[in-house]
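Each chain, written out:
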Amino acid sequence: MTEPEKYSATAESSSMDPHDWGRAMALAVTRLAEQIAPEGSDDIHTLLVGRDLHLKISDEPAGVTIRVSTGPISDPPA
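Residues numbered from 1 in each chain as written. Predicted model: local features only at pLDDT ≥ 70, side-chain atom pairs only at ≥ 80, totals over all residues. Heavy atoms only, no water.

Further remarks concern helix α1 (residues 22-36). Taking 1.5 Å per residue, 15 residues should reach 21 Å; α1 reaches 21 Å between its end C-alpha atoms and fits that length. Those residues of α1 that fall on the buried side of the exposure criterion are A24, A28, L32, A33 and I36. Residues of α1 that are buried in the fold lie against β1 (8-13) and β3 (63-69). (Helix = DSSP H or I, 4+ residues; strand = E, 2+ residues; numbered from the N terminus. Expected span 1.5 Å × (residues − 1). Buried < 20%, exposed > 50% of the residue type's maximum accessible area, 1.4 Å probe, protein only. Contact = heavy atoms within 4.5 Å.)

Here it is as structure tokens:
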């Protein structure tokens with residue numbers, strides 16, 4: 001059985017406060033939908049409705065990186 005294709009997108013927030021992460025999360029989700037969307041699709045938000053997504057938030061020196069994916073997110077090798 002073939003694994004479904006996995007898509008992933010990231011965005012950065014310059015704040016460590018979760019109250020400030022909304023814009024970065026929206027950008028990551030939009031980038032993910034754009035990857036999944038067929039060429040010329042106008043209604044990309046519907047591609048994520050009902051789909052399970054994975055979220056990983058990583059500390060960065062100036063804030064956080066938010067990563068959203070259609071499959072499990074693993075850490076890169078050290």
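Burial along β1 is one-sided: A9, A11 and S13 are buried, while S8, T10 and E12, pointing the other way, are not. In this structure, β1 lies alongside β3, joined through six bridges in antiparallel fashion. Paired with E12 across the two strands is T65, which belongs to β3. (Pairing = 2+ DSSP bridges.)

Quick look at the pairing of strand β2 (residues 54-60) now. With seven bridges joining them, β2 and β3 adopt antiparallel strand pairing. Within β3, the position partnered with K56 by the bridge is R67. Between β2 and β3, which follow one another and run antiparallel, lie two residues.

Function cannot be inferred from these measures alone, as they are strictly geometric.
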